[in-house]
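Results of the structural survey
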Amino acid sequence: MRGHHDMGGLPAGPIERAEHDYAFWEKRVDALMMLLTERNLLRVDENRRAIEALAPDVYDAMSYYERWIAAITQVLLQRGVLTADELGRKMAEVEARAARKP
Amino acid sequence: MSEQDTHTPHDHAHPHPARPDQDESLGYYQVMEVAVRELLIEKGVISAGDVRRAVEAMDARTPAQGARIVARAWSDPAYKARLLADGSAAARELGIDVGATHLLVVENKPKLHNLIVCTLCSCYPRMVLGRPPDWYKSRNYRSRAVNEPRAVLAEFGTSLADDVEVRVHDSTADMRYLVLPERPAGTAGWDEARLAELVTRDSMIGVAEVRRP
Amino acid sequence: MSAPANAALPARFRAGDRVGVRRADPPGHLRTPWYIRGHVGVIERLCGAFPNPEELAFNRPGLPAQPLYRVRFRQRDVWPDYRGPQHDTIEIEIYQHWLEPTG
């Protein structure tokens, strides 16, 4: 079966040429990717596989760097670099911190 | 009235991010990014300085690097030959750190126009050109560049005669591609810096021609 | 650099060879696009040998390294309704284990 990411030759619309400035968090995802691959904690193909595993509607709804961070996180969980428990606690902490800002 | 950051004289010693994140609530994946980064820093896997330096290094990579490569190739036939034989080595000759990239340079000719795409995921010669434009990563470009390249080129304002071969390169594996555009007429005797100003990012991806003098 | 010779499979093909892309359809992480499977092209060059990304995707070393080729196809052969001239081409990097010789 053709993967949802494997889109060469499928019908598609006109190309939207407007470009956005990269947000700082997106640049940090990019940096994380490079730092983790340098440290052999992530392979580019592991990241790609994790992106390809996203369900089609999820893949389409996410932005490029959202897919990247979701995939990076999956690989780090698979590799045991992070646990779901500590990630969940930290994410809750980050959300609470953000909510405290007026 | 929302609280504003106050900048005391002490704050001016540390640099502000180039573009602050939005101060409304963070999306789920932004929260994830912060959490993952902070955990990795706490575990000593990376440091905050590592992240900052990596962001700055990537910010410093711009299409101007590619333009220097093209301008040198236009000016020096022996360099051009080396470039076509081993793009990574030739980029390093100019002090461009391509890391582990296997750069393959494809040359436009009067009857040959090259176009680069990565249908599977948006691979791009980031170490040479910097971060790719949104459209390069879009579904519509990734889908159509392979089977209707001339229509895609037309959307970018580029039209090619029927007797020109359009050759699409789908960056499916380990190589990364850079188009070496043709040197435009009317540039005889120009120095490399002046030539480089004609070379746009889009001409090195292949969706556009270089600027004319 | 690509993998050292003693950790790589020998190259079966050379520039100019006609090759077909296998019509396999496994799950997993593949770098041979759907649209090119089953088509016939010509080897443009051997790029070197690289660890197999299908294995790297699962954090395995992907050795011995697979020869990787650039293969050139005529667009008119690949797309039944291709509207451009007959000399338009498409070139893709394909790993050796996806290629088979053709007559």
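Our subject is the structure listed above.
Reading the values: rules and limits
- Residues numbered from 1 in each chain as written.
- Chains lettered and ligands numbered in written order.
- Predicted model: local features only at pLDDT ≥ 70, side-chain atom pairs only at ≥ 80, totals over all residues.
- Contact = placed C-beta atoms within 7 Å.
- Helix = DSSP H or I, 4+ residues; strand = E, 2+ residues; numbered from the N terminus.
- Nonpolar A, V, L, I, M, F, W, Y, C, P; charged D, E, K, R; others polar.
- Pairing = 2+ DSSP bridges.
- Axes fitted to C-alpha atoms, helices over the stretch in contact; angles between N-to-C directions.
- Buried ≥ 20, exposed ≤ 12 C-beta atoms within 10 Å, placed from the backbone.

Here we take up the interface of chain A and chain C. Contacts between chain A and chain C engage twelve residues on the former and ten residues on the latter. With five residues, helix 2 (residues 44–52) of chain A is the largest single contributor of residues to the side of chain A that touches chain C. Looking at side-chain class alone, the side of chain A that touches chain C contains one nonpolar, two polar and nine charged residues.

What follows covers the pairing of strand 2 (residues 40–50) of chain C. In summary, the side chains of a regular strand alternate between the two faces of the sheet. Residue and element names in this part refer to chain C. Summarising the sheet, strand 1 (residues 18–21) and strand 2 pair through three bridges and their orientation is antiparallel. Within the sheet, the bridge partner assigned to glycine 20 lies in strand 2 and is valine 40. Alignment of strand 2 against strand 3 (residues 66–74), held across seven bridges, turns out to be antiparallel. In the sheet register, alanine 49 faces strand 3, and the bridge partner there is proline 67.

Moving on, we get to the interface of chain A and chain B. Interface size, as often reported, equals the accessible area lost upon joining of the parts. In this assembly, 48 residues from chain A lie in contact with 48 residues from chain B. Those elements that provide at least two residues to the side of chain A that touches chain B are helix 1 (24–38), helix 2, helix 4 (64–79) and helix 5 (84–100) of chain A. Element by element, the count of residues in the side of chain A that touches chain B is highest for helix 1 of chain A, at ten residues.

Moving on: the sheet that holds strand 2 of chain C. With mixed pairing, seven strands are arranged side by side in an open sheet as 2(B)-3(B)-4(C)-3(C)-2(C)-1(C)-5(C). On the outer flanks of this sheet lie strand 2 (112–117) of chain B together with strand 5 (99–101) of chain C, each paired with one strand and no other. Looking at each pair of strands side by side, their axes are set apart by 35° on average, direction ignored. Against the sheet, helix 7 (residues 139–147) of chain B contacts strand 2 and strand 3 (165–170) of chain B together with strand 4 (89–95) of chain C, and its axis sits at roughly 150° relative to strand 2 of chain B.

Residue and element names in this part refer to chain C. Strand 3 sits mainly inside the fold: seven of its nine residues count as buried. With seven bridges connecting them, strand 3 and strand 4 associate as antiparallel partners. Each bridged residue has a counterpart across the sheet, and for arginine 70 the counterpart in strand 4 is glutamate 93.

All we've got here are geometric facts, nothing functional implied.
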